[in-house]
Amino acid sequence: MPEDVPAALPALRQTLDARFSPVKQALPGALEQAEIELFAPGDPDALLEELAALAPDHEAVVDEQMPYWAQLWPSAVALSLWILEEPSLLCVEELSKEPNDRSVLPPAVIELGCGLGLPAVVAAKQGAQVTCTDLHQDAVDFALLNIGSTLSAAPSLQAEPDRGYPECRGYTEYRGHPEYRGYALDWRGELPAESHDVILAADVVYETRFFDAVLRCFDHFLAPGGTILFAEPGRKVAADFPERLLAHGFEIQTQSNRELEDHTIALFQLGRPVAN
């Protein structure tokens with residue numbers, strides 16, 4: 001791994017170095033100017049080879065757990081640029097207005113299917129308390145590394161059994177660096193008892209088998225009055241997902257498109273209708 005990774009991240013750096021030979025990713029200018037750092041596995045194809053070498057009855061093969069997390073996808077870039085340009089989406093304005101007021105709590109933000117965690121990195125940079133989740137623990141570790149590299153703040157590798165999920169990892173410093181943590185999460189399994197002000201989700205409905213599970217997670221994790229920021233790259237399989245969101249009781253508060261190279265990414269701000 002390049003030497004510009006902060007020395008404060010030795011344990012996680014060594015763990016990921018040994019297996020993945022991470023490389024720093026090139027990012028659009030606005031993200032580079034915001035001093036966002038992102039690392040990814042040096043050889044994503046090697047992860048496909050690992051999967052192909054497993055026995056046919058291995059859980060990862062049966063469940064078709066493709067290592068999509070190891071690449072930086074356009075939807076993640078588009079979502080990251082959106083929240084970088086419009087920090088009000090994360091409800092962090094009060095932090096900048098009252099930087100020394102310890103009664104002003106940072107907004108709690110969770111990213112579902114975080115992969116390399118770019119949207120979570122941007123959210124953490126802007127002052128949110130961030131939770132990174134992905135089916136793959138390796139993805140969570142990369143997301144934590146990328147947040148830690150950007151903030152120059154090392155994540156702890158200590159388990160937090162009192163939180164109800166043994167793989168929870170995180171770093172906490174109330175002011176100066178926000179709290180960030182991460183854990184492996186199967187959307188179809190048991191969900192931890194917690195809620196968040198903002199849910200980030202980029203390109204998470206790429207297979208129909210996940211539609212109900214994603215809606216379940218939106219329902220479960222969204223705090224009252226909270227916001228879902230959702231990016232979708234126009235996959236045919238997800239064409240009717242906005243209708244599913246409406247049928248599930250969510251409302252589309254804003255919708256826009258971002259052109260990103262040869263991709264058009266739809267950006268949705270979602271919430272629950274406010275009762276009169």
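Residues numbered from 1 in each chain as written. Predicted model: local features only at pLDDT ≥ 70, side-chain atom pairs only at ≥ 80, totals over all residues. Heavy atoms only, no water.

## Quick notes on the overall build of the protein chain
Next, step 1: A tally of regular secondary structure across the protein chain gives ten helices and ten strands.
Next, step 2: Considering only contacts in the protein chain between residues 6 or more positions apart, those separated by 24 or more positions represent 65%.
Next, step 3: On the protein chain, roughly 12,800 Å² of surface is accessible, and the fraction owed to carbon and sulfur atoms is 50%. (Helix = DSSP H or I, 4+ residues; strand = E, 2+ residues; numbered from the N terminus. Contact = heavy atoms within 4.5 Å. Areas by Shrake-Rupley, 256 points an atom, 1.4 Å probe, with all protein chains shown as cover.)

## Examining the packing of helix α7 (residues 118-125) against helix α8 (residues 137-151)
A packed helix pair is summarised by two numbers, namely the angle formed by the two axes and the spacing between the axes.
Next, step 1: Running from N to C, α7 and α8 cross one another at 35 degrees; their axes reach a closest spacing of 9 Å. Of the two possible hands of crossing, α7 and α8 adopt the one that is right-handed. Taken together, the residues of α8 that come into contact with α7 (itself represented by Ala120, Val121, Ala124 and Lys125) are Asn146, Ile147, Thr150 and Leu151.
Next, step 2: Taken together, the residues of the contact of α7 with α8 sort by class into five nonpolar, two polar and one charged. (Axes fitted to C-alpha atoms, helices over the stretch in contact; angles between N-to-C directions. Left-handed = near helix turned anticlockwise from the far one by under 90°. Nonpolar A, V, L, I, M, F, W, Y, C, P; charged D, E, K, R; others polar.)

## Topic: a nonpolar patch on the surface
Next, step 1: Among the surface-exposed residues, Leu48, Met66 and Tyr68 lie close enough to one another that they form a single nonpolar patch of about 230 Å² accessible area.
Next, step 2: Along the chain, Met66 falls in the loop between α4 (59-62) and α5 (74-85). (Patch = residues over 30% accessible without salt bridge, like charges linked within 9 Å, V, L, I, M, F, W, Y side chains within 5 Å. Salt bridge = Lys/Arg side-chain N within 4 Å of Asp/Glu carboxyl O.)

## Considering the side chain of Arg258
Next, step 1: Mapped onto the fold, Arg258 is located in strand β9 (residues 251-260).
Next, step 2: Assessed through its relative accessible area of 18%, Arg258 is described here as buried.
Next, step 3: The contact partners of Arg258, leaving out residues within four places of it in the chain, are Ala78, Leu81, Trp82, Glu85, His263, Thr264, Ile265 and Leu267. (Buried < 20%, exposed > 50% of the residue type's maximum accessible area, 1.4 Å probe, protein only.)

## Focus on the pattern of salt bridges
Next, step 1: Within the structure shown, the criterion is met by twelve salt bridges.
Next, step 2: As a salt-bridge pair, Asp138 and Arg19 come within 2.6 Å of each other at their nearest N and O atoms. A residue pair is termed long-range when its members are at least 10 positions apart, and Asp138 in helix α8 and Arg19 in helix α1 (residues 10-20) qualify at 119 residues.
Next, step 3: Its relative accessible area of 45% is what places Arg19 among the partly exposed residues.
Next, step 4: The closest approach of N and O atoms between Asp240 and Arg244, which form a salt bridge, is 3.7 Å.

## Section: the layout of surface pockets
Next, step 1: Of the pockets and cavities examined, the largest pocket occupies roughly 560 Å³.
Next, step 2: The wall of the largest pocket is formed by 34 residues, among which Tyr68, Trp69, Gly113, Asp134 and Tyr206 lie closest to the centre.
Next, step 3: Elements with a minimum of two residues in the lining of the largest pocket: α5 and α7.
Next, step 4: Its residues assigned to classes, the lining of the largest pocket shows 17 nonpolar, seven polar and ten charged.
Next, step 5: Its boundaries defined by the atoms lining it, the second largest pocket holds a volume of some 360 Å³.
Next, step 6: Lining the second largest pocket are 14 residues, and of these Arg19, Ala60, Gln65, His136 and Asp138 sit closest to its centre.
Next, step 7: When contributions to the lining of the second largest pocket are tallied by element, the ones reaching two or more residues are α3 (44-52), α4 and α8.
Next, step 8: Residue composition of the lining of the second largest pocket, grouped by class: seven nonpolar, three polar and four charged. (1 Å grid on protein atoms, 1.4 Å probe; cavity = no way out; pocket = protein on both sides within 12 Å on 5 of 7 lines; lining within 4 Å. Points joined across faces, edges and corners; volume = space filled by probe spheres on them.)

## Focus on α5
Next, step 1: If you check α5, its first and last C-alpha atoms are 16 Å apart, about what twelve residues at 1.5 Å a residue would give, namely 16 Å.
Next, step 2: Counting buried residues along α5, nine of its twelve residues qualify, which places the element largely inside the surrounding structure.
Next, step 3: The set of residues buried in α5 consists of Ser75, Ala76, Val77, Ala78, Leu79, Ser80, Leu81, Trp82 and Ile83.
Next, step 4: Buried residues in α5 make contact with α2 (29-33), α7, β7 (196-202), β8 (222-232), β9 and β10 (263-271). (Expected span 1.5 Å × (residues − 1).)

## Focus: the environment of Leu260
Next, step 1: Tracing the chain through its elements places Leu260 in strand β9.
Next, step 2: Between the C-alpha atoms of Leu260 and Pro28, which are 232 residues apart in sequence, the distance is 9.8 Å.

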